[in-house]
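# Descriptive analysis of the structure
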Amino acid sequence: PYKIYQEANGQARQFIPARVWDNPTLIQNDPEYIKRLEQLPDKERRMLLEGDWNVFEGQYFNEWRSEKHVVNPFAIPAGWKRFRSIDYGGTAPFCCKWYALDQDGCIWAYREYYQAGNLASVSGQAVAQLSVGENYEYTTIDPSVFSKTHTGESIADVLIRNGVFGLLPASNDRIAGWNSVKEYLHWTEQKPPKLRYFKTCV
C-alpha cells in the first residue's frame with residue numbers, strides 16, 4: 001500500500017487501499033449493496049467487502065488474514081529461542097526466515113532473506129551477515145542439500161563454509177507440514193494465531 005511503482009514507459013502507479021465503507025455515496029445510492037456483498041462466496045466477499053486482496057483462487061491457507069498475522073516489528077526478548085528455516089534455490093528464490101519462539105509457544109517470523117539467482121556461497125554469506133550476534137537452536141533445510149555434488153561438496157557444505165551453521169534436514173512430509181502450518185495460522189476472535197510475521201517480511 002502507498003508504495004509508488006515506476007513503469008518503464010514513465011508512468012507511475014500506486015495501490016491505495018479502500019473498503020466499501022469508504023464510499024458513502026455508493027452505499028447511499030444502493031443501500032442493498034452491502035447485503036449483496038455479504039452473500040458472496042468467501043473469497044469474493046473477503047476481497048470486495050473486507051478489502052482483503054491477499055486472497056486468490058486455489059489458496060491453501062485460507063486462515064491467513066493480514067490484520068491477524070502481520071505485526072509491527074519489536075525487539076525480540078533475549079530469553080526467546082531463535083531458529084531459522086531455509087528453502088534453497090539457485091535459479092528459484094533462496095529463502096531464509098528467522099523465527100523466535102516465545103514463552104507461550106507462539107512463533108514470530110522477524111526477518112527474511114529472499115533472493116533468486118545467487119550462488120549458494122553468496123546467499124550463505126548474506127544469511128550469516130544477517131545473523132551476526134544471534135544464537136539459534138537450529139536451522140532446518142531441505143534434505144536434498146546434503147547430497148554431494150560432482151565437486152564432492154554438498155550445498156550444505158557450501159553454506160556451512162560461508163557461516164551458516166546448525167543445519168538440520170527438514171521433514172519433507174508435505175501433508176504433516178501443511179497441517180502444522182494451518183494449526184499455527186488458526187485464530188478466533190478470542191484467540192490470536194500462534195504464527196505471526198513482522199511486516200518487514202514481505
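Residues numbered from 1 in each chain as written. Predicted model: local features only at pLDDT ≥ 70, side-chain atom pairs only at ≥ 80, totals over all residues. Heavy atoms only, no water.

Moving on: the layout of surface pockets. Over the atoms rolls a probe the size of a water molecule, and its path tells where empty space is left. The space that makes up the largest pocket amounts to roughly 2,100 Å³. Secondary-structure elements contributing two or more residues to the lining of the largest pocket are α4 (66–69), β4 (81–87), β5 (94–101), β7 (139–141), α7 (174–185) and β9 (195–198). Taken together, the residues that form the lining of the largest pocket break down as 28 nonpolar, 10 polar and 11 charged. (1 Å grid on protein atoms, 1.4 Å probe; cavity = no way out; pocket = protein on both sides within 12 Å on 5 of 7 lines; lining within 4 Å. Points joined across faces, edges and corners; volume = space filled by probe spheres on them. Helix = DSSP H or I, 4+ residues; strand = E, 2+ residues; numbered from the N terminus. Nonpolar A, V, L, I, M, F, W, Y, C, P; charged D, E, K, R; others polar.)

Listed in full, the buried residues belonging to helix α5 (residues 120–130) are Ala120, Ser121, Ser123, Gly124, Val127 and Ala128. Projected down its long axis, α5 carries its buried residues within an arc of 160 degrees, all on one side. Its buried side turned inward, α5 meets β4, β5, β6 (107–115) and α6 (155–161). (Buried < 20%, exposed > 50% of the residue type's maximum accessible area, 1.4 Å probe, protein only. Arc of directions from axis to C-beta. Contact = heavy atoms within 4.5 Å.)

The next thing to look at is the confidence of the model for the chain. Confidence in the prediction of the chain, expressed as mean pLDDT, is 90, and 97% of residues score 70 or more. Looking over the chain, one finds the lowest element-wise mean pLDDT in helix α3 (residues 42–48), namely 78, and the highest in β9, namely 98. (pLDDT = per-residue confidence, 0-100.)

Taken together, the side chains of Phe15, Leu48 and Trp53 present a nonpolar region at the surface, about 320 Å² in accessible area. Secondary-structure assignment places Trp53 in the loop between α3 and α4. (Patch = residues over 30% accessible without salt bridge, like charges linked within 9 Å, V, L, I, M, F, W, Y side chains within 5 Å. Areas by Shrake-Rupley, 256 points an atom, 1.4 Å probe, with all protein chains shown as cover. Salt bridge = Lys/Arg side-chain N within 4 Å of Asp/Glu carboxyl O.)

Ranked by internal contacts, the top residues of the largest apolar core, which has 21 residues, are Ile86, Phe94, Cys96, Trp98, Tyr110, Val127 and Leu167. Elements supplying a minimum of two residues to this core: β5, β6 and α6. The element that contributes the greatest number of residues to this core is β5, accounting for 4 residues. Core analysis: the second largest hydrophobic core is formed by 9 residues, Phe83, Ile107, Ala109 and Leu195 among them. (Core = buried A, V, L, I, M, F, W, Y, C linked by side-chain atoms within 4.5 Å.)

Attention shifts here to the packing of aromatic side chains. One pair of aromatic rings is described through two measures. These are the centre distance and the angle between the planes. Under the counting rule described, the total for this entry stands at 10 aromatic pairs. Measuring from ring centre to ring centre gives 6.3 Å for Trp80 and Trp108, while their planes differ by 20 degrees; the resulting arrangement is stacked. Of this pair, Trp80 sits in the loop between β3 (70–71) and β4 while Trp108 sits in strand β6; the two residues are 28 residues apart in sequence, bridging distant segments of the chain. Taking the relative accessible area as the measure of exposure, Trp80 reaches 15% and is therefore buried. Looking at Trp108, the relative accessible area reads 9%, which means it is buried. Members of the aromatic cluster, each reached through a chain of ring pairs, are Phe74, Trp80, Trp108, Tyr110 and Phe198. The aromatic ring of Tyr136 is capped on one face by Arg84, whose charged end is 4.2 Å from the ring centroid. (Phe/Tyr/Trp six-rings, centres within 6.5 Å; stacked < 30°, edge-to-face > 60°. Lys NZ or Arg CZ within 6 Å of the ring centre and 35° of its normal.)

What follows covers the pairing of β5. β5 sits mainly inside the fold: 7 of its 8 residues count as buried. Here 7 bridges tie β4 to β5, and the two strands are oriented antiparallel to one another. In the strand pairing of β5, Arg84 is matched with Trp98. If you look at the hairpin formed by β4 and β5, you'll find 6 residues sitting between the two strands. Direction of pairing for β5 relative to β6: antiparallel, over a ladder of 8 bridges. Within the sheet, the bridge partner assigned to Trp98 lies in β6 and is Arg111. Between β5 and β6, which pair antiparallel and follow one another directly, the connecting turn spans 5 residues, one of which, Gly105, has a positive phi of 85 degrees. (Pairing = 2+ DSSP bridges.)

Spatially, β3-β9-β6-β5-β4-β7-β8 is the arrangement adopted by the 7 strands of the open sheet, whose pairing is mixed. Bordering the open sheet on either side are β3 and β8 (167–169), each of which pairs with just one other strand. Here β7 runs beside β8; their pairing, made up of 3 bridges, is parallel. Bridging across to β8, Thr139 finds its partner in Leu167.

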